Amino acid sequence: MLKNSKNNLASQYRLYGKKGDKVLKVYDMNKSKKDAEIIKLMVQKIGEFTQNGARVSRHCVPVDTYKKLNIIDIGLNSTKAVCKNFNASKFTNSLKSLQKDGYIEKFIDETGKSNSCWHLEIQPNKKYLPDYSKGSILYPVKYINSRTQIC
Amino acid sequence: MLRSIFFASLLVLANNACAQKQPELKCDYNSQVITNLPALDNARITSEVKGIDPDSMEKTITHTFKFNNGDIAVVEQKFCLMYNFQIVYKLKSLSQKNFDQGLTNIDKLIKNVHQDYQLKSPLNTIVDMTMNQKKLSLNTAFSYDLPVQAIISGDNVENNFSFRLLNNKELFEAEIEFYFGLGGE
């Protein structure tokens, strides 16, 4: 957040909601200070929100909370870059299927937005993962290229 | 003579370059925002102001509603990569009944912006339940995030509900602030 704010503060204000904006304000008011000091102040502000049960970002949570719910964004462009013959809509369908089957708690397709990513929230070990059978979590790769591999 | 024409041309070109507009921001929500909010059966719109947020350069549109009972609501929609909806609702006189009425009015305003944000129950039911859970009362200020289970949306949602008593009781006795943001980080 600090690195991105230094690079383009206005774009960070556009990316975060009300609480994130307050953390960015802390950066803005203290940007002449040393990084370590700014980070301390920003973390302090985030901590204030966390104490009241509020989050600055869905990705910004204490480790213990993250262990209960993994929240990740998979970038469309970075995935395309390593995957030959990659089909984004087939991958999206496979994620939808995993959500329907209960492996993914929340799925947001943000590939058409500026974020250009798939947002996933997964509760670890919620469901048993059978390997390479019809009931497998890997089965939805059929949506990708009709073979049991993604790329 | 030729030299002066050359320099004059350069000056015109330079001025044109300076006069060019900043490139338009790439925004996901520009086309999805209703800028002409309708009046309510118990309130009229007293002002509508369009602007640009100085920190983010996002577009803003702010409507002020004056209710028949003297309450005022300032509704700000700010949008680009995210859609931000904020209401500052000022209660002319504070009582449980007026507080509930204020929440009903906020509910109507939320519905009027037609975004991918829907409360599963009326706002006053959700607030009443969460205030009881958190043992909060209208005697002191408070602020908390509404539970995610109370909201239906296909997008990332951030939301917050705040209440505070105002010092200048001659004008308004209390203030409710309601916010939801869609998209973003």
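Here the structure is a predicted model, which is why all the values come from computation and not from measurement.

1. Notes on the packing of helix 2 (residues 96–112) of chain B against helix 3 (residues 123–133) of chain B
All names here are of chain B.
Then comes step 1: Helix 3 packs onto helix 2 with a crossing angle of 130 degrees between their chain directions and a minimal axis gap of 8 Å. Taken as axis vectors, helix 2 and helix 3 run oblique relative to one another. Where helix 2 approaches helix 3, its residues Phe 99, Asp 100, Leu 103, Thr 104, Ile 106 and Asp 107 are matched on the opposing element by Leu 123, Asn 124, Val 127 and Met 131.
Then comes step 2: Looking at the contact of helix 2 with helix 3 residue by residue, the class counts come to six nonpolar, two polar and two charged.

2. Section: the state of the cysteines
Residue and element names in this part refer to chain B.
Then comes step 1: In this structure the tally under the stated criterion is one disulfide over all chains.
Then comes step 2: Put simply, Cys 27 and Cys 80 are joined by a disulfide, and their sulfur atoms are 2.1 Å apart. For the disulfide bridge between Cys 27 and Cys 80, the dihedral angle about the S-S bond is near -80 degrees, and by the sign convention the bridge is left-handed. Within this pair, whereas Cys 27 is found in the loop between helix 1 (2–19) and strand 1 (43–52), its partner Cys 80 is found in the loop between strand 3 (72–79) and strand 4 (82–91), the two being separated by 53 residues in sequence.
Then comes step 3: On the accessibility criterion, Cys 80 (0% relative accessible area) is buried.

3. A few points about the sheet that holds strand 1 (residues 70–75) of chain A
Residue and element names in this part refer to chain A.
Then comes step 1: In spatial order, the strands read 1-3-2; together these three strands make up an open sheet with antiparallel pairing. Unpaired on one side and paired on the other, strand 1 and strand 2 (106–110) mark the two borders of the sheet. Within the sheet, the average angular offset between the axes of one strand and its neighbour, ignoring direction, is 10 degrees.
Then comes step 2: Of the strand pairs in this sheet, strand 2 and strand 3 (residues 117–122) are connected by five bridges, and their pairing is antiparallel. Following the sheet pairing, Asp 109 is matched in strand 3 by Trp 118.
Then comes step 3: Along the sheet, helix 7 (residues 88–100) contacts strand 1, strand 2 and strand 3; its crossing angle with strand 2, the most-contacted strand, is approximately 160 degrees.

4. A closer look at the sheet that holds strand 6 (residues 142–144) of chain B
Then comes step 1: The seven strands lie next to each other as 1-2-3-4-9-8-6 (chain B), forming an open sheet whose pairing is antiparallel. The open sheet has two edge strands, strand 1 and strand 6 of chain B, and neither has a second partner. Pairwise comparison of adjacent strand axes, ignoring direction, gives a mean angle of 10 degrees for this sheet.
Then comes step 2: Where helix 3 (residues 18–30) of chain A meets the sheet, it contacts strand 3, strand 4, strand 8 (157–165) and strand 9 (174–183) of chain B, and its direction lies at approximately 80 degrees from that of strand 8 of chain B.
Then comes step 3: The strands touched by helix 3 of chain B are strand 6, strand 8 and strand 9 of chain B; relative to strand 6 of chain B, the strand with the most contacts, the crossing angle is about 105 degrees.

5. Some details on the interface of chain B and chain A
Then comes step 1: Residue-level contacts link 28 residues of chain B with 26 residues of chain A.
Then comes step 2: In total, about 2300 Å² of surface goes out of reach between chain B and chain A, with carbon and sulfur atoms giving 42% of it.
Then comes step 3: If you look at where chain B meets chain A, you find six salt bridges.
Then comes step 4: In this structure, Lys19(A) engages Asp145(B) in a salt bridge whose closest nitrogen and oxygen atoms are separated by 3.0 Å.
Then comes step 5: Inspection of the region where chain B meets chain A yields 12 residue pairs in polar contact (both at pLDDT 80 or more).
Then comes step 6: Of all the secondary-structure elements, those providing two or more residues to the side of chain B that touches chain A are strand 4, strand 8 and strand 9 of chain B.
Then comes step 7: Looking at which element gives the most residues to the side of chain B that touches chain A, the answer is strand 8 of chain B, with four residues.
Then comes step 8: Of the residues assigned to the side of chain B that touches chain A, the class counts are nine nonpolar, nine polar and 10 charged.

6. Overview of the confidence of the model for chain A
Do not read the fine detail of predicted coordinates wherever pLDDT is low.
Then comes step 1: Summarising the model, chain A shows a mean pLDDT of 85, and 85% of its residues fall at 70 or more.
Then comes step 2: Mean pLDDT per element in chain A: helix 8 (residues 142–145) of chain A is the minimum at 53, and helix 3 of chain A is the maximum at 96.

Analysis parameters
Residues numbered from 1 in each chain as written. Chains lettered and ligands numbered in written order. Predicted model: local features only at pLDDT ≥ 70, side-chain atom pairs only at ≥ 80, totals over all residues. Heavy atoms only, no water. Axes fitted to C-alpha atoms, helices over the stretch in contact; angles between N-to-C directions. Helix = DSSP H or I, 4+ residues; strand = E, 2+ residues; numbered from the N terminus. Parallel < 35°, antiparallel > 145°, perpendicular 65-115°, else oblique. Contact = heavy atoms within 4.5 Å. Nonpolar A, V, L, I, M, F, W, Y, C, P; charged D, E, K, R; others polar. Disulfide = S-S within 2.5 Å. Buried < 20%, exposed > 50% of the residue type's maximum accessible area, 1.4 Å probe, protein only. Pairing = 2+ DSSP bridges. Buried area = accessible area lost by both parts, 1.4 Å probe. Salt bridge = Lys/Arg side-chain N within 4 Å of Asp/Glu carboxyl O. Polar contact = N/O pair within 3.5 Å; in protein donor to acceptor, adjacent residues only side chain to side chain. pLDDT = per-residue confidence, 0-100.

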